[in-house]
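Given next are the chains, with one letter for each unit.
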Amino acid sequence: MTATASPVSKVSTANRGRRTPAPPAVRRTRATLFLTGLVVALVAVVLVSAGSGQLRIAPDEVAGSILHRLHLDLGPMPSHPRGDATLWTVRFPRIAMALLVGATLAVAGALMQGVFGNPLAEPGVVGVSSGAAAAAAAAIVFGLGFAGAWTIAACAFVGGLATTLLVYLLSRSDGRTEVVTLVLTGIAVNAVAGAVLALLMFLGDTQAREQIVFWQLGSLGGSRWQYVWVVAPIAAAGILVAFLAAGSLDLLALGERSARHLGVHVERLRIVLIVVVALLTAAAVSFCGIVAFVGLVVPHLVRMVTGPSHLMLLVGSCLAGGLVLAVADLVARTLVAYADLPLGMLTSLVGGPFFFWLLRRARRTAGGWA
Amino acid sequence: MTAGMSVLTASNVVVRYGAAEVLAGVDLRVDRGELVALVGPNGAGKSTLLAMLSGDQEPTSGTVEILGRPVAEWRLRALARERAMLTQEQRIAFPFSAREVVTMGRAPWRGRPEEDLDELEVAAAMHTAEVTHLADRAFGSMSGGEKGRTSYARVLAQQTGVLLLDEPTASLDLRHQETLLDSVRSRVREGAAAVAVLHDLNLAAAWSDRIVLLHQGRVVSDGPPSAVLRPELLSEVYDHPISVITRPGADGQGDLLVLPDRHAQRSLL
């Protein structure tokens, strides 16, 4: 038998990596349609999700309830006597939290990818989420309460910031992060944070242990308005800074030197954005635990539609992140009757294979992320 | 600013990385309307000198001034409206198109009246660098030469009076080497000052007003091409027998041709 290399297979691999971006005009129309679609989908999911559960409420009654709160006498009120109360004390805070956490994680992921110049960077993958969770768990086990309701969020922020800086210092060389280095750094950081969490579980009492397990799984189950009011301002501030930095992030894609030649204060931008990533991750983690891969999957899908320009990417990620998490949470609490599935498990179940697919694709294009 | 004042001034610039001295007291002045070629063997300090001129790094000692002001005192944004730099390596982190990359060159003008010219400048720069047909291609999927020309278009779109080019002709074909340096020349005619690191001494001879020859971190010769490109000096600096011949031109001024002297080398062996 003679083995001959097929020339056909060579041609097909050479052409596979070359995706030509759509012309800007087409891209802009597509992006506008995409954003409009996201907003419509968000409204629909909120109405359906709020009405789903043990106590069913029709979407028009949910809309009516919201409009009446806004002093607009439009639409029917929930027909069930406890309907309105259920919506406003249980369902809406949970949905609000889902939207906030989703937007926050997706924006944090997009920012991290921009700062690291690497599309595989994500708070969960590189271990920032577990770092934040470990610090938050420490606050519970040691009964810290120096900042009232904000204590856990503050600790999560400190833990998240420390891990982000650590990953940043460990995984970069020559202004860039190689895929392999980043992923390996993530393994190391996740291992250490996991060990700290395990130690805290060992030290803590039964109640603390339960809370830590809840972190590792990730859930929106305990959402209350008071938590929403802690997360909302942090998320809003972080996302606002992210939007302001969008133009500079585009230039940073050229590399640090060229960005500097175009007037970007690279060192300052980097530090500010690392703090913002830690802040956003902490906001998401402190009340919902580790919800991984949202920051990876969402910006990727958005980038495919809007192109790599960061302003559109961030706006799109904000909306799509909220949508994805709202849908994921709806699935988590309705898939199995009378059971609240862990949200983090669901996102990892979908996000893990997606991450794997991205890695495969990265390898195919000779390790280049161009 | 006073006429005849140097746009770029480096005085006694010393750069040390640990024990290694990369630049050992370099003086350089570049005026408006001047294209200066930086030449020299590998490791002579050309790129380091360019990095000092662009303000990327502070020299260990000595001063670098752009438009009479020390580089460290410039605000980055203001400096980016005065000088543009083409780096040796061109890469990008996300699949931006060629047009988006060239448009990035307009970033320093955001929020100023010149911003209105963005589209015009981008189109003109892409035309000059001959990358208009690549506008919608992803930068990462281009060949080395196409990337180089797109990055050069970005530098042109920045519309600065000072151009710093690190090996702008690397990986370009013969025609594009010529058209690129021709476009640098026309910017220089309009009053710009340009410094280009060139490895091809024939290109340096043909297109530059002045050649600065660096060797082991020092300027060993600085003057018009005919004064710098002397066979005995080049042979010594490049540690290789080199001959310089003049090809008679139609206008009486011949082109200098720098060639490795292969016969001499053979006889040495």
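Conventions used here
- Starting afresh in each chain, residues are numbered from 1 along the sequence in its written order.
- Lettering for chains starts from A, numbering for ligands starts from 1, and both go in the order in which the items are written.
- At least 70 in pLDDT is required for a residue's local features to be given in this predicted model, at least 80 for side-chain atom pairs to be given and counted, and no such filter applies to totals for whole chains, interfaces and linings, which use all residues.
- Calculation of side-chain values draws on the structure's entire complement of heavy atoms; hydrogens and water are dropped beforehand.
- We call a residue buried when its accessible area falls under 20% of the maximum for its residue type, exposed when it is over 50%, and partly exposed in between, using a 1.4 Å probe and counting protein chains only.
- Each helix corresponds to a stretch of at least 4 residues labelled H or I by DSSP, and each strand to a stretch of at least 2 residues labelled E; elements are numbered beginning at the N terminus.
- The pairing criterion is simple: DSSP has to find at least two bridges between the two strands.
- Think of a salt bridge as a Lys or Arg side-chain nitrogen and an Asp or Glu carboxyl oxygen that are within 4 Å of each other.
- When charges are counted, Lys and Arg contribute as positive and Asp and Glu as negative, whereas His and the chain ends are disregarded.
- Under the rule applied, a polar contact is a pair of N or O atoms within 3.5 Å (in protein, one hydrogen donor and one hydrogen acceptor; residues adjacent in sequence only if both atoms are side-chain atoms).
- Pairs of residues are marked as contacts when any of their non-hydrogen atoms sit within 4.5 Å.
- Each patch groups residues whose relative accessible area exceeds 30% and which form no salt bridge, using 9 Å between like charges and 5 Å between nonpolar side chains of Val, Leu, Ile, Met, Phe, Trp and Tyr.
- A 1.4 Å probe and the Shrake-Rupley method give the accessible areas. Residues count as covered only by the protein chains that appear here.
- Two aromatic rings from Phe, Tyr or Trp, using only the six-membered ring of Trp, form a pair when their centres are within 6.5 Å; if the ring planes differ by under 30 degrees the pair is stacked, by over 60 it is edge-to-face, and anything between is tilted.
- Domain delimitation follows an automatic or database domain assignment.
- Put simply, buried area is the surface a 1.4 Å probe can reach on two separate parts but cannot reach once they are joined, added for both.
- Under the scheme applied, nonpolar residues are Ala, Val, Leu, Ile, Met, Phe, Trp, Tyr, Cys and Pro; charged residues are Asp, Glu, Lys and Arg; polar residues are all the others, including Gly.
- As a per-residue measure, pLDDT reflects the predictor's confidence and takes values from 0 up to 100.
- The definitions used throughout rest on a 1 Å grid laid over the protein atoms alone, on which a cavity is an enclosed set of points accommodating a 1.4 Å probe that cannot get out and a pocket is an open set flanked by protein within 12 Å on both sides along at least five of seven lines; lining residues are those having an atom within 4 Å of a point.
- Grid points are joined across faces, edges and corners, and a volume is the space filled by probe spheres set on the points.
- All axes here are fitted lines through C-alpha atoms, helices being fitted over the stretch that makes contact, and every angle between N-to-C directions spans 0 to 180 degrees.
- By this rule, a helix spans an expected 1.5 Å times one less than how many residues it contains.

(A) Representation of the pairing of strand 6 (residues 83-86) of chain B within the structure. Residue and element names in this part refer to chain B. Residues R83 and M85 of strand 6 are buried on one face, and the alternating residues A84 and L86, pointing to the opposite face, are buried as well. Examined bridge by bridge, strand 6 and strand 7 (residues 162-166) share 4 bridges and lie parallel to one another. Bridging from a neighbouring strand, A84 pairs with L163 of strand 7.

(B) Region of the structure containing the pattern of salt bridges. Residues and elements named next belong to chain B. In the structure shown here, the tally under the stated rule is 18 salt bridges over all chains. For R175, the salt bridge goes to E130, with nearest N and O atoms at 2.4 Å. Separated by 45 residues along the polypeptide, R175 in helix 6 (residues 174-189) and E130 in the loop between helix 4 (118-128) and helix 5 (144-157) bring together distant segments of the chain. R175 gets classed as partly exposed once you look at its relative accessible area, which sits at 48%.

(C) Local environment of the side chain of E121(B). All names here are of chain B. Tracing the backbone shows E121 in helix 4. Buried within the structure, E121 lacks any salt-bridge partner; its nearest side chain of opposite charge belongs to R106, at an N-O separation of 4.6 Å. Side chain to side chain, E121 and Q159 meet in a polar contact 2.8 Å long. Among all residues touching E121, those that are not within four sequence positions of it are R106, A157 and Q159.

(D) Geometry of a nonpolar patch on the surface. A cluster of nonpolar side chains, namely F142(A), L144(A), F146(A), L199(A), F202(A) and L203(A), defines an oily patch on the protein surface of about 700 Å² accessible area. In this fold, L144(A) is placed in the loop between helix 6 (128-141) and helix 7 (151-171).

(E) Fine view of the packing of aromatic side chains. Residues and elements named next belong to chain A. All told, the structure shown has 6 aromatic pairs over all chains when counted by the stated rule. Arranged with centres 4.6 Å apart and planes meeting at 15 degrees, the rings of Y227 and F287 form a pair that is stacked. Here the residue Y227 occupies a position in helix 10 (residues 225-244), and F287 occupies one in helix 13 (residues 266-288), the gap between them amounting to 60 residues. Exposure remark for F287: the relative accessible area of 13% places this residue in the buried category.

(F) Quick peek at the domain arrangement of chain B. Residue and element names in this part refer to chain B. Looking at chain B, the domain boundaries give domain 1 (1-82 + 160-230) and domain 2 (92-159). Computed from C-alpha atoms alone, the centre-to-centre distance between domain 1 and domain 2 is 23 Å. Domain 1 puts 16 residues into the contact, and the matching count from domain 2 is 15 residues. Buried area between domain 1 and domain 2, both sides added, is near 1,400 Å², and the carbon and sulfur share of it is 55%. Summed over the three residues of domain 1 that lose the most area to domain 2, namely R77, R81 and R187, the buried surface amounts to 35% of that side. Taken together, domain 1 and domain 2 are joined by 1 salt bridge. Counting only elements with at least two residues in the side of domain 1 that touches domain 2, the list comes to helix 2 (76-80), strand 7 and helix 6. With 7 residues, the single largest contributor to the side of domain 1 that touches domain 2 is helix 6. Among the residues forming the side of domain 1 that touches domain 2, the class breakdown is 6 nonpolar, 6 polar and 4 charged.

(G) Broad picture of the side chain of E146(B). Residue and element names in this part refer to chain B. Position of E146 relative to the elements: it lies in helix 5. What makes E146 buried here is its relative accessible area of 18%. In this structure, E146 is in contact with V131, L134 and R137, ignoring residues within four places of it in sequence.

(H) Layout of the confidence of the model for chain A. Residues and elements named next belong to chain A. Of all residues in chain A, 90% have pLDDT values of 70 or greater, and the mean over the chain is 85. Element-level mean pLDDT values for chain A span from 38 in helix 1 (residues 7-16) up to 96 in helix 11 (residues 246-252). Confidence drops under a pLDDT of 50 for residues 366-370, and excluding neighbours within four residues, the segment shows 15 contacts in the predicted structure.

(I) View of the interface of chain A and chain B. Taken together, the contact between chain A and chain B spans 32 residues of the former and 32 residues of the latter. Counting every contact that joins chain A to chain B gives 1 salt bridge. R257(A) is the partner of D56(B) in a salt bridge, and the nearest nitrogen-oxygen pair spans 2.6 Å. Counting across the chain A and chain B interface gives 6 residue pairs in polar contact (both at pLDDT 80 or more). Here the side of chain A that touches chain B takes 4 residues from helix 12 (residues 256-261) of chain A, the largest share from any one element.

(J) Structural view of empty space enclosed by the protein. The final tally for this structure, using the stated rule, is 4 cavities of 30 Å³ or more. The computed volume of the second largest cavity comes to approximately 60 Å³. Forming the boundary of the second largest cavity are L254(A), S258(A), L86(B), T87(B), E89(B), Q90(B), R91(B), F139(B), S151(B) and R154(B). When the residues that make up the lining of the second largest cavity are grouped by side-chain class, the tally is 3 nonpolar, 4 polar and 3 charged.

(K) Quick peek at the sheet that holds strand 9 (residues 210-215) of chain B. Residues and elements named next belong to chain B. Pairing is mixed in the open sheet, where 6 strands are placed in the order 6-7-8-3-9-10. The open sheet has two edge strands with one neighbour each: strand 6 and strand 10 (218-223). Between one strand axis and the next, the sheet turns by 15 degrees as a mean value, whatever way the strands run. Helix 1 (residues 46-54) contacts strand 3 (34-39), strand 6, strand 7, strand 8 (193-197) and strand 9 of the sheet and is inclined by roughly 150 degrees relative to strand 7. Those strands touched by helix 6 are strand 3, strand 7 and strand 8, and its axis lies near 135 degrees from that of strand 3.

(L) Quick peek at helix 10 of chain A. Residue and element names in this part refer to chain A. Under the 1.5 Å per step criterion, the end-to-end length of helix 10 is 28 Å for 20 residues, consistent within 8% with the ideal 28 Å. Of all the residues in helix 10, the buried ones are V228, V230, V231, A232, I234, A235, G238, I239 and A242. Of the surrounding secondary structure, the elements contacted by the buried residues of helix 10 are helix 4 (83-116), helix 7, helix 11, helix 13 and helix 15 (310-334).

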